[in-house]
Amino acid sequence: MYLQQDEAWYVLFVNTNQEGKVKKILEKEMGDKYQFIVPTRELIERKNGKWSKIKRTLFPGYVFIKAIMNIEVYYKLKRVPRIIKLLRNEDEVLVVAEKEVKVLKILLDNNDNNIGISTLYKKNDNIRIISGPLLGLEGQIIKIDTRKGRAKVNLSFMNEEIIVELGIELVDKI
């Protein structure tokens, strides 16, 4: 098994809806010399006739870890409950590519690893983000649900195309 000598980001595949619990276990078991994140997204949801902001996991079933991956760290992770596996190919543990880390850092531009709500406007069939974490995105929005205040966005991550639903506020251009 090939292991990294430099600090890098890795992805743990965990039981869905257990991401927060796994993160807490990892922080307790492994200490503060590693960084763990569970990216979340803010959405607007209507319950009992009232609108409220809620947080949902951006990548269900995944926890990110920043570490120098060596044998000791690898086997510590293998012993943590609720972790299914480290993402890997046939030969090695997969490192999150630098371009994907940059996208994550743009989206998660705050300390709580949460993607907030973006504001966009729609003119004819063109959509443009004018504020928020998705600022500047135009061609990557697949579908807008104005009733729910959400947009489906196509993201390329870990060599896969992933569609995520993010909170938006749609405004008319003045």
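Whatever comes next refers back to the structure up there.
Residues numbered from 1 in each chain as written. Predicted model: local features only at pLDDT ≥ 70, side-chain atom pairs only at ≥ 80, totals over all residues. Heavy atoms only, no water.

**Student:** Please set out the nonpolar core residue by residue, giving values where relevant.
**Tutor:** Core analysis: the biggest nonpolar cluster contains 21 residues, and Leu 12, Leu 26, Leu 77, Ile 83 and Leu 86 have the highest contact counts within it. Looking at this core, the elements that each hand over two or more residues are β1 (8-14), α1 (19-30), β5 (62-67), α2 (71-79) and β6 (83-86). For this core, the leading source of residues is β1, giving four residues. Apart from the residues within four sequence positions on either side, Leu 12 is in contact with Leu 26, Gly 61, Tyr 62, Val 63, Ile 65, Leu 77, Ile 83, Lys 85 and Leu 86. Core analysis: the second largest hydrophobic core is formed by 18 residues, Trp 9, Ile 37, Phe 64 and Ala 151 among them. (Core = buried A, V, L, I, M, F, W, Y, C linked by side-chain atoms within 4.5 Å. Buried < 20%, exposed > 50% of the residue type's maximum accessible area, 1.4 Å probe, protein only. Helix = DSSP H or I, 4+ residues; strand = E, 2+ residues; numbered from the N terminus. Contact = heavy atoms within 4.5 Å.)

**Student:** So, the packing of aromatic side chains: which residues are in play, and what are the values?
**Tutor:** In the structure shown here, the tally under the stated rule is four aromatic pairs. Aromatic pair Phe 13 and Tyr 62: ring centres 5.5 Å apart, planes at 45°, arrangement tilted. Of the two residues, Phe 13 is situated in strand β1 and Tyr 62 in strand β5; the sequence distance between them amounts to 49 residues. (Phe/Tyr/Trp six-rings, centres within 6.5 Å; stacked < 30°, edge-to-face > 60°.)

**Student:** Which residues make up α1, and what values go with them?
**Tutor:** For α1, which comprises twelve residues, the first-to-last C-alpha distance of 16 Å matches the rise-based estimate of 16 Å (1.5 Å per residue) to within 8%. Of the positions making up α1, those classed as buried are Glu 19, Val 22, Leu 26 and Met 30. Looking down the long axis of α1, one finds its buried residues gathered within 60° of arc, a one-sided arrangement. Pointing more than 90 degrees away from the buried face of α1 are the exposed residues Lys 24 and Lys 28. Looking at the buried residues of α1, the elements they touch are β1, β2 (35-37), β4 (50-57), β5, α2 and β6. Note on α1: the residue one or two positions beyond its end, Gly 31, has a positive phi of about 85°. (Expected span 1.5 Å × (residues − 1). Arc of directions from axis to C-beta.)

**Student:** Let's hear about unusual backbone geometry: which residues, and what values?
**Tutor:** Leaving glycine aside, a negative phi is the common case for residues, and trans is the common case for peptide bonds. With a phi close to 70°, Asn 17 is a non-glycine residue in the positive phi region. Tracing the backbone shows Asn 17 in the loop between β1 and α1. Owing to a relative accessible area of 67%, Asn 17 belongs among the exposed residues under this scheme. Positive phi outside glycine occurs at Asn 48, with the angle close to 50°. Assignment of secondary structure puts Asn 48 in the loop between β3 (40-47) and β4. Under the relative-accessibility criterion, Asn 48 is labelled exposed at 81%.

**Student:** Which residues make up the sheet that holds β5, and what values do they have?
**Tutor:** Pairing is antiparallel in the open sheet, where four strands are placed in the order β2-β5-β1-β6. Pairing within the sheet leaves two strands with one partner each, and these edge strands are β2 and β6. Taken over all neighbouring pairs, the strand axes of this sheet differ in orientation by 30° on average, direction set aside. (Pairing = 2+ DSSP bridges. Axes fitted to C-alpha atoms, helices over the stretch in contact; angles between N-to-C directions.)

**Student:** Give a description of the pattern of salt bridges that names residues and reports values.
**Tutor:** Two side chains carrying opposite charge are able to pair once their charged atoms lie near each other. This model, assessed by the stated rule, comprises five salt bridges. One salt bridge connects Lys 23 with Glu 27, and the closest N-O pair in it is separated by 3.9 Å. On the criterion of helical spacing, the pair formed by Lys 23 and Glu 27 is a turn pair, its members being four residues apart in helix α1. By relative accessible area, which is 37% here, Glu 27 ends up partly exposed. Among the ionic pairs, Glu 45 bridges to Arg 56, the shortest N-O distance being 3.0 Å. Taken together, the residues span a long stretch of sequence, with Glu 45 in strand β3 and Arg 56 in strand β4 at a distance of eleven residues. Glu 45 gets classed as buried once you look at its relative accessible area, which sits at 19%. Through salt bridges with shared partners, a single ionic network connects Glu 45, Arg 56 and Arg 150. (Salt bridge = Lys/Arg side-chain N within 4 Å of Asp/Glu carboxyl O.)

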